[in-house]
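Take a look at the letters that make up each chain.
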Amino acid sequence: LEEPLLLNGSDVEDHNEDSTSTSSSGIFLYIIPERRAVPILITLADVTSGLAAGMSIRYFPIFFLEKLKMSPEQVQIVFLTTTLLMAVMTRVTQFIGTTMGNLCTTI
């Protein structure tokens with residue numbers, strides 16, 4: 001590291017005057033406060049993924065029917081199974097989260 005990670009209040013002015021290089025944080029942090037950058041980036045990524053999933057998930061049954069040659073009953077069993085597994089795993093991860101902690105559950 002060439003620059004200190006944390007600057008004291010008086011060091012900020014001195015550092016800005018002496019520094020000829022540009023900040024590595026880029027223009028993004030000038031628009032959004034630094035403490036809010038990570039939550040905002042995570043939210044933008046989640047929204048983008050959600051929109052992309054919403055545009056493609058609706059065609060999964062057609063893919064299963066035409067490309068995999070599954071019957072309509074088999075397709076419905078797949079969707080029922082995934083819904084039930086999501087409900088069960090939600091409870092399981094809540095239990096693990098209370099015993100091990102939220103961060104350990106995420107990892």
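Quick caveat, the model's predicted, so the values are computed rather than measured. (Residues numbered from 1 in each chain as written. Predicted model: local features only at pLDDT ≥ 70, side-chain atom pairs only at ≥ 80, totals over all residues. Heavy atoms only, no water.)

*Asks:* Tell me about the overall build of the chain, and name the residues and values.
*Replies:* Scanning the chain for helices and strands turns up 6 helices and 0 strands. Taken from the N to the C terminus, the helices and strands of the chain come in the order α-α-α-α-α-α. Counting only residues that meet the buried cut, the chain has 6% of its 107 residues in that class. For the chain, the exposed surface amounts to about 9500 Å²; the carbon and sulfur share of it is 65%. (Helix = DSSP H or I, 4+ residues; strand = E, 2+ residues; numbered from the N terminus. Buried < 20%, exposed > 50% of the residue type's maximum accessible area, 1.4 Å probe, protein only. Areas by Shrake-Rupley, 256 points an atom, 1.4 Å probe, with all protein chains shown as cover.)

*Asks:* Tell me about helix α5 (residues 72-100), residues and numbers included.
*Replies:* The terminal C-alpha atoms of α5, which comprises 29 residues, lie 41 Å apart, in line with the 42 Å expected from a rise of 1.5 Å per residue. Phi turns positive, to about 110°, at Gly 101, one or two residues after α5. (Expected span 1.5 Å × (residues − 1).)

*Asks:* Tell me about unusual backbone geometry, and please be specific about residues and values.
*Replies:* The phi dihedral of Lys 69 is positive, around 55°, even though this residue is not glycine. Inspection of the secondary structure puts Lys 69 in the loop between α4 (60-66) and α5.

*Asks:* Before we move on, can you summarise the environment of Gln 74 with the specific residues and values?
*Replies:* Along the chain, the position of Gln 74 falls in helix α5. Residue classification places Gln 74 among the partly exposed positions, given a relative accessible area of 40%. Sequence separation of Gln 74 and Phe 64 is 10 residues, and the distance between their C-alpha atoms is 8.9 Å.

*Asks:* Please set out the packing of aromatic side chains residue by residue, giving values where relevant.
*Replies:* Applying the stated criterion across every chain yields a total of 3 aromatic pairs. Centroid distance Phe 60 to Phe 64: 6.3 Å. Interplanar angle 40°. Geometry classified as tilted. Taken as a pair, Phe 60 and Phe 64 lie in helix α4 at a separation of 4 residues, close to a single helical turn. Phe 60 sits in the partly exposed class, given a relative accessible area of 38%. Phe 64 gets classed as buried once you look at its relative accessible area, which sits at 17%. Among the aromatic residues, those joined into a ring-pair cluster are Phe 60, Phe 63, Phe 64 and Phe 79. (Phe/Tyr/Trp six-rings, centres within 6.5 Å; stacked < 30°, edge-to-face > 60°.)

*Asks:* Give a description of a nonpolar patch on the surface that names residues and reports values.
*Replies:* Residues Val 47, Leu 51 and Met 55 make up a contiguous nonpolar surface patch of about 320 Å² in total accessible area. Residue placement: Met 55 occurs in helix α3 (residues 37-56). Residue Met 55 is classed as exposed on the basis of its relative accessible area of 58%. (Patch = residues over 30% accessible without salt bridge, like charges linked within 9 Å, V, L, I, M, F, W, Y side chains within 5 Å. Salt bridge = Lys/Arg side-chain N within 4 Å of Asp/Glu carboxyl O.)

*Asks:* Residue-level account of the environment of Thr 43, with values.
*Replies:* When you line up the elements, Thr 43 lands in helix α3. Side-chain polar atoms of Thr 43 contact the backbone oxygen of Pro 39, separated by 2.8 Å. (Polar contact = N/O pair within 3.5 Å; in protein donor to acceptor, adjacent residues only side chain to side chain.)

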